Amino acid sequence: MPLPRVRLRAGREKSLRRRHPWVFSGSVADIEGVPPSGATVALMASDDSPLASAAWSPSSNIRARVWSFDPEVRIDADFMASRVRAAARMREGMLDAGHTGCRLVHAESDGIPGFIADRYGDVLVVSFLTAGAEGWREALVAALIEATGCGVVYERSDADVRALEGLPPRVGAIAGTLPQPITFVEDGLAYRVDVAGGQKTGFYLDQRDNRRCVREQAHGRDVLNCFCYTGAFGIAALAGGAKSLLSIDSSADALALAQINLEANALDPTRARWRDADVFGELRKLRDAAVQFDLIVLDPPKFAPTAHHAEKAARAYKDINLLALKLLRSDGLLFTFSCSGGISADLFQKIIAGAALDARVDAKIVRRFGASADHPVALNFPEGDYLKGLLVRKS
Ligand code: SAH
């Protein structure tokens, strides 16, 4: 059966010829028949030359996502399995006794748009975020089990973006039963992960290398960890010999897990304090009380999911960074991050520069951060480069 053909408007094939995998609704000229959500379609240029095979998503503004730029390649379970195997191969050297967790499949950047798979020990946590990924759910899960030998697969398809694809949220075990508790090891430190109820798939694996950098710099320092979630940056800081740690998050559940993580690593609990509070308000209180720190981590949630939200997000980033720069002692270090797709690395740097200016602080960038290597960025998909961070040293 030939695939339903989707023809693009004249000139709209340019990004596909540069191998960008998305087709927006405004680029579509006409469609053969009514392909169902998730169906594989043949993308054609306006002159009817074949461009790619793609997953059709009729309710999303991103109307099609490319599976293969070779129109001859069959899109089937074997195709999905070969992409999953390639993704698993890339991570082979990343797992050992000191690191038992990693992102195994990173969506578009691993050639499987909309599909995320994280590994915590022998537990796999998967998210199907697009109609196309949803359509190959069983094949993808079978391929993952085959590639990893893991027996437990849990689904966390509850991100808001599913609604844009016309998909309801779905959460639960797909294979095996979740062991309780679930722990894994990052950089030799043990972390408990709430796979069923935590944020995303339960842990922010993308910050692995950056947590190591905090650990290396933390010795003898008073550390403030803002938006701490289950404590990972703070645990890393204590493992690195931090003198004291104050961690702030507005999720009581996350803070409870953070304290378990502290105990699991036999770190001195008297050095750590945990505060269930709003970071924006708490930073002001610390400023008013003239409390000072030597190392501050700011790892907030995504303030700007798209460029549309950039302006408001920029104000929020500037606010917390300005306050943090004031709370730092001289020679202090600020690890500041943004995981907002709508804020470029360039804009982020400008925001931090503006914060330093308004705080009347001299500071310099001494390092730049991205996501760890298990979160690759395909060169044809710059949108995959969402995490940016700066290590800023106050003079
Ligand atoms: N740094 C963490 C991940 C942070 S995720 C890690 O390495 O694991 C963002 C966190 O910010 C979430 O835990 C969320 O509960 C928290 N959060 C969101 N808005 C907040 C606010 N206004 N004040 C405090 N915490 C907030």
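Our subject in this report is the structure included herewith.

Basis of the calculations
Residues numbered from 1 in each chain as written. Predicted model: local features only at pLDDT ≥ 70, side-chain atom pairs only at ≥ 80, totals over all residues. Heavy atoms only, no water. Helix = DSSP H or I, 4+ residues; strand = E, 2+ residues; numbered from the N terminus. Rg over C-alpha atoms; globule rule 2.2 N^0.38 Å. Buried < 20%, exposed > 50% of the residue type's maximum accessible area, 1.4 Å probe, protein only. Pairing = 2+ DSSP bridges. Axes fitted to C-alpha atoms, helices over the stretch in contact; angles between N-to-C directions. Parallel < 35°, antiparallel > 145°, perpendicular 65-115°, else oblique. Left-handed = near helix turned anticlockwise from the far one by under 90°. Contact = heavy atoms within 4.5 Å. Nonpolar A, V, L, I, M, F, W, Y, C, P; charged D, E, K, R; others polar.

## Quick notes on the overall build of the protein chain
In terms of helices and strands, the protein chain carries 11 helices and 20 strands. A globule of 395 residues ought to have a C-alpha radius of gyration of about 21 Å, and the protein chain, at 22 Å, matches this closely. Reported as C-alpha extents along the three principal axes, the dimensions of the protein chain are approximately 70 × 45 × 35 Å. Within the protein chain, the fraction of its 395 residues that count as buried is 55%.

## A few points about the sheet that holds strand 4 (residues 40-44)
Strand order in the open sheet made by the six strands is 2-6-5-4-1-3, with mixed pairing throughout. Pairing within the sheet leaves two strands with one partner each, and these edge strands are strand 2 (22-24) and strand 3 (28-31). In this sheet, neighbouring strand axes are inclined to one another by 35° on average, regardless of whether the strands run parallel or antiparallel.

## Describing the packing of helix 2 (residues 77-90) against helix 4 (residues 137-148)
Contact geometry for helix 2 and helix 4: axes closest at 9 Å, N-to-C directions at 40°. Regarding the angle of helix 2 to helix 4, the classification is oblique. The element helix 2 and its partner helix 4 pack so that their crossing is right-handed. Facing Ala77, Met80, Ala81, Val84 and Ala88 of helix 2, the residues of helix 4 in contact are Ala139, Leu140, Ala143, Leu144 and Ala147. Broken down by class, the residue content of the contact of helix 2 with helix 4 amounts to 10 nonpolar, no polar and no charged.

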